[in-house]
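Geometric and topological summary
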Amino acid sequence: MENRFLQYFSLTIAIIGAVNWGLIGFFNFNLVATVFGSMSWLSRIIYGLVGLCGLYLISLYPALSENNQGK
């Protein structure tokens with residue numbers, strides 16, 4: 001059973017994390033820390049969500065390989 005909301009939510013949060021890491025890498029600018037404070041409880045929640053969403057997205061790899069085998 002697919003949960004589209006969870007998939008889109010996880011992908012969106014992971015993209016936010018990826019953009020933040022890109023900003024850190026290229027410009028030494030941490031958007032999450034700037035908006036929510038450096039390691040505030042809200043920043044920690046966001047970092048935690050990014051990590052959990054990344055772990056959830058790993059579970060989508062088997063579904064991708066199933067879709068590619070039919071082509």
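Anything mentioned here points back to the structure above.
Reading the values: rules and limits
- In this convention, every chain numbers its residues from 1, walking through the sequence in written order.
- Under the rules for a predicted model, residues below a pLDDT of 70 receive no local features and side-chain atom pairs below 80 are neither given nor counted, while totals for whole chains, interfaces and linings still include all residues.
- Side-chain metrics in this entry use all non-hydrogen atoms of the structure; hydrogen atoms and water are not considered.
- Secondary structure elements are defined from DSSP: runs of H or I of at least 4 residues count as helices, runs of E of at least 2 residues count as strands, and each element is numbered from the N terminus.
- Accessible area is worked out with a 1.4 Å probe on protein chains only. A residue is then buried under 20% of its type maximum, exposed over 50%, and partly exposed in between.
- Multiply 1.5 Å by the residue count of a helix minus one, and that product is the helix's expected span.
- The contact rule is simple, with two residues in contact once any of their heavy atoms fall within 4.5 Å.
- Note on ring pairs: Phe, Tyr and Trp rings are taken, using the six-membered ring of Trp, and paired if centres are within 6.5 Å. Classes follow the plane angle, with under 30 degrees stacked, over 60 edge-to-face and the rest tilted.
- Think of the arc as the fan of directions from the helix axis to the C-beta atoms.

1. A word on unusual backbone geometry
It is generally the case that most residues other than glycine have a negative phi and that most peptide bonds are trans. Positive phi, close to 55 degrees, is recorded for Asn 28, a residue that is not glycine. Mapped onto the secondary structure, Asn 28 falls in the loop between helix H1 (4–27) and helix H2 (31–36). A residue is classified by how much of its surface remains accessible, and Asn 28, at 72% relative accessible area, is exposed. Of note, Met 39 is a non-glycine position whose phi angle comes to about 55 degrees, a positive value. With respect to the helices and strands, Met 39 occurs in the loop between H2 and helix H3 (41–58).

2. Some details on the environment of Trp 21
Following the sequence through the fold, Trp 21 ends up in helix H1. Separated by 10 residues in the primary sequence, Trp 21 and Leu 31 place their C-alpha atoms 8.9 Å from one another.

3. Comments concerning H1
Each α-helix turn comprises 3.6 residues. Residues three or four places apart therefore point the same way. With 24 residues, H1 ought to run about 34 Å at 1.5 Å a step, and its terminal C-alpha atoms sit 34 Å apart, in line with that. Residues of H1 that are buried: Gln 7, Ser 10, Ile 13, Gly 17 and Asn 20. Contacts made by the buried residues of H1 are with H2 and H3. Within two residues after H1, Asn 28 carries a phi angle of roughly 55 degrees, on the positive side.

4. A short note on the packing of aromatic side chains
Under the definition given, this model contains two aromatic pairs. An angle of 20 degrees between the planes, with centres 5.9 Å apart, marks the rings of Phe 5 and Phe 9 as stacked. Taken together, the residues Phe 5 and Phe 9, both in helix H1 and four residues apart, mark about one turn of the helix. Given a relative accessible area of 33%, Phe 9 falls into the partly exposed group.

5. Concerning H3
Under the 1.5 Å per step criterion, the end-to-end length of H3 is 26 Å for 18 residues, consistent within 8% with the ideal 26 Å. Listed as buried for H3 are Ser 43, Ile 46, Cys 53 and Leu 57. Across the axial projection of H3, the buried residues extend over an arc of 90 degrees, all falling on one side. Every exposed residue of H3 that faces more than 90 degrees away from the buried side is listed here: Trp 41, Arg 44, Leu 52, Leu 55 and Ile 58. Buried-residue contacts for H3 involve H1, H2 and helix H4 (61–69).

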